[in-house]
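Spelled out from the first residue to the last, the chains are:
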Amino acid sequence: MSERWQQRSILKGDEYKLLKTDLKEFAMPRPLYPATLAAKRQLSQNTVQLDFRVEGGFDYQPGQFVQLHFSFKGQDYKRSYSIANAPESFKNTREIEIAISFVEGGVASSLFSEAEPGLKLSVGGPFGILTAPDQYDGRIILAGTGTGLAPYRAMIPSLKKLASAGTQILVMMGVRHRADMIYEQDFRELAASSETIEYRACYSREKSLNSALQEYPGYLQNQFPELGLSPEKDLIYLCGNPAMIDDAAAALKILGFSPRQVKREKYVFSS
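Residues numbered from 1 in each chain as written. Predicted model: local features only at pLDDT ≥ 70, side-chain atom pairs only at ≥ 80, totals over all residues. Heavy atoms only, no water.

> Mind showing me how you'd approach helix H3 (residues 107-114) here?
Listed as buried for H3 are Val107, Ala108, Ser109, Leu111 and Phe112. Where the residues of H3 are buried, they touch strand E3 (32-44), strand E4 (47-54), strand E5 (65-72), strand E6 (75-82), strand E7 (95-101) and strand E8 (120-127). (Buried < 20%, exposed > 50% of the residue type's maximum accessible area, 1.4 Å probe, protein only. Helix = DSSP H or I, 4+ residues; strand = E, 2+ residues; numbered from the N terminus. Contact = heavy atoms within 4.5 Å.)

> Any chance you could explain unusual backbone geometry here in plain terms?
In terms of backbone geometry, most residues other than glycine have negative phi values and most peptide bonds are trans. Cis geometry marks the peptide bond from Gly125 to Pro126, where omega comes out at 10°. One non-glycine residue, Arg94, adopts positive backbone phi at about 60°. Tracing the backbone shows Arg94 in the loop between helix H2 (87-93) and E7.

> Is there a simple way to explain the packing of aromatic side chains in this structure?
Two aromatic rings are characterised by how far apart their centres lie and by the angle between their planes. Counted according to the given criterion, the structure contains 10 aromatic pairs. Aromatic side chains Phe52 and Phe112 sit 6.3 Å apart centroid to centroid with 75° between the ring planes, which places their arrangement in the edge-to-face category. A residue pair is termed long-range when its members are at least 10 positions apart, and Phe52 in strand E4 and Phe112 in helix H3 qualify at 60 residues. Both residues of the pair, Phe52 and Phe112, count as buried. Note on Phe70 and Phe112: the rings are 5.5 Å apart at their centroids and 65° apart in plane angle, and the pair reads as edge-to-face. One end of the pair, Phe70, is in strand E5; the other, Phe112, is in helix H3, and 42 residues separate them in sequence. Since its relative accessible area comes to 0%, Phe112 is described here as buried. Ring pairing ties together the aromatic residues Phe52, Phe70, Tyr77, Tyr81 and Phe112, which thus form one cluster. Between Arg153 and the ring centre of Tyr183, over which it is positioned, the NZ or CZ distance is 4.2 Å. For the cation-ring pair, Arg178 lies above Tyr203, with the distance from its terminal atom to the ring centre recorded as 5.5 Å. (Phe/Tyr/Trp six-rings, centres within 6.5 Å; stacked < 30°, edge-to-face > 60°. Lys NZ or Arg CZ within 6 Å of the ring centre and 35° of its normal.)

> I keep staring at the side chain of Asp51 and nothing clicks. Help me out?
Among the secondary structure elements, Asp51 is positioned in strand E4. Buried charged residue Asp51 carries no salt bridge. Nearest counter-charge: Arg41, at 5.7 Å. A distance of 2.8 Å separates polar atoms of two side chains, one belonging to Asp51 and the other to Gln49. Those residues in contact with Asp51 that sit more than four places away from it in its chain are Thr36, Leu37, Ala38, Ala39, Glu95, Ile96 and Glu97. (Lys, Arg positive; Asp, Glu negative; His and termini not counted. Salt bridge = Lys/Arg side-chain N within 4 Å of Asp/Glu carboxyl O. Polar contact = N/O pair within 3.5 Å; in protein donor to acceptor, adjacent residues only side chain to side chain.)

> It is not clear to me how the sheet that holds E5 should be interpreted in this structure. Could you clarify?
Backbone hydrogen bonds are what pair the strands of a sheet, in a parallel or an antiparallel way. The six strands are arranged E6-E5-E8-E3-E4-E7 in an open sheet whose pairing can be described as antiparallel. Looking at strand neighbours, the two that pair on one side only are E6 and E7, the edges of this open sheet. Ignoring which end each strand starts from, the neighbouring axes of this sheet average 40° apart. The pairing of E5 with E8 spans four bridges and is antiparallel. Within the sheet, the bridge partner assigned to Phe65 lies in E8 and is Phe127. In the packing of H3 onto the sheet, the strands contacted are E3, E4, E5, E6, E7 and E8, and the crossing angle to E5 comes to about 85°. (Pairing = 2+ DSSP bridges. Axes fitted to C-alpha atoms, helices over the stretch in contact; angles between N-to-C directions.)

> Teacher, can you tell me more about the packing of helix H5 (residues 156-164) against helix H6 (residues 184-192) here?
Think of two packed helices as two axes; the pair is described by the angle between the axes and how far apart they sit. Interhelical geometry of H5 versus H6 gives an angle of 15° and a closest axis separation of 11 Å. One finds that H5 runs roughly parallel with respect to H6. Seen along the crossing, H5 lies across H6 with a hand that is right-handed. Residues Ile156, Leu159 and Lys160 of H5 lie in contact with H6, whose contacting residues are Asp186, Phe187 and Leu190. Each residue belonging to the contact of H5 with H6 can be placed in one class, and the counts come to four nonpolar, no polar and two charged. (Parallel < 35°, antiparallel > 145°, perpendicular 65-115°, else oblique. Left-handed = near helix turned anticlockwise from the far one by under 90°. Nonpolar A, V, L, I, M, F, W, Y, C, P; charged D, E, K, R; others polar.)

> Honestly, the nonpolar core in this entry has me stumped. Any pointers?
Most often, soluble globular proteins have nonpolar side chains that are buried together. Counting residues in each nonpolar core, the largest one holds 32 residues, and the members touching the most others are Leu142, Tyr152, Ile169 and Phe187. Elements with a minimum of two residues in this core: strand E9 (139-145), helix H4 (150-154), H5, strand E10 (168-175), H6, strand E11 (197-203) and strand E13 (234-240). When sequence neighbours within four positions are dropped, the list of residues in contact with Tyr152 reads Leu130, Leu142, Ala143, Gly144, Leu159, Met173, Phe187, Tyr237, Leu238 and Cys239. Core analysis: the next-biggest nonpolar cluster, separate from the first, contains 27 residues, Phe70, Phe72, Ile96 and Ala108 among them. (Core = buried A, V, L, I, M, F, W, Y, C linked by side-chain atoms within 4.5 Å.)

> Help me out: how do you make sense of the pattern of salt bridges in this one?
Pairing between side chains of opposite charge can happen when their charged atoms approach one another. A full pass over the atoms with the stated rule returns eight salt bridges. The closest approach of N and O atoms between Arg153 and Glu97, which form a salt bridge, is 2.7 Å. Placement of the pair is Arg153 in helix H4 and Glu97 in strand E7, with a sequence separation of 56 residues. Of the residues examined, Arg153 reaches a relative accessible area of 14% and is grouped as buried. Note that Glu198 is salt-bridged to Arg200, the shortest N-O span being 2.8 Å.

Worth remembering: the numbers are spatial, not functional.
This is how it looks when you write it as structure tokens:
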């Protein structure tokens, strides 16, 4: 059976998540699992992490996302969010970690900004193809902005295994200000764990930067011309802001990268 692709919009929190996925994935029904909010913590001024304890036989691959099914003011909704913790962590706690950036007037933002532990909803999935390979003879570049960092955090154990096998890995994160960065310590510790892993932080509106900490000015996508990219060896992941993804994808196409070499998930704000 030939591989068919379509581009479709899936509500991601108070954002649209635009991605390419195998048509078969969304044609197949996914079960719903009961879930309870176990914990909530602040990641940045406008972003929180919600930990949901999931019942039943739920499982996932690092990099995938789920749909949260909930009721708000008498209406039913579903929103999709990337899972931010590794499957190894989930097997120990039975909890998935979700990073949510709030949008004024958004339905999910209104609910989750006030949510307390004990909130019950349903989890559907998992979905998505933004997953890490079991092995790769070349370099893997993971570029993300905002909550687009979440799926890469779930990949950390997988990335360590790849690095131990000799795969070169570059993780690049982009935000406006340092205060907007989430999960930075996790990625810095990842880079410190192996000589084959590099971490870069890109700040578009910070005036003072520390080059010793691998901090760079400007937009994340501006880093690509400096990386000595190779269409034959590099596998690139793009997740987050649509402007970053569009700019990067256009530049990569000119450099000879095929769609197979560029995995992407695009977040677009919506009410």
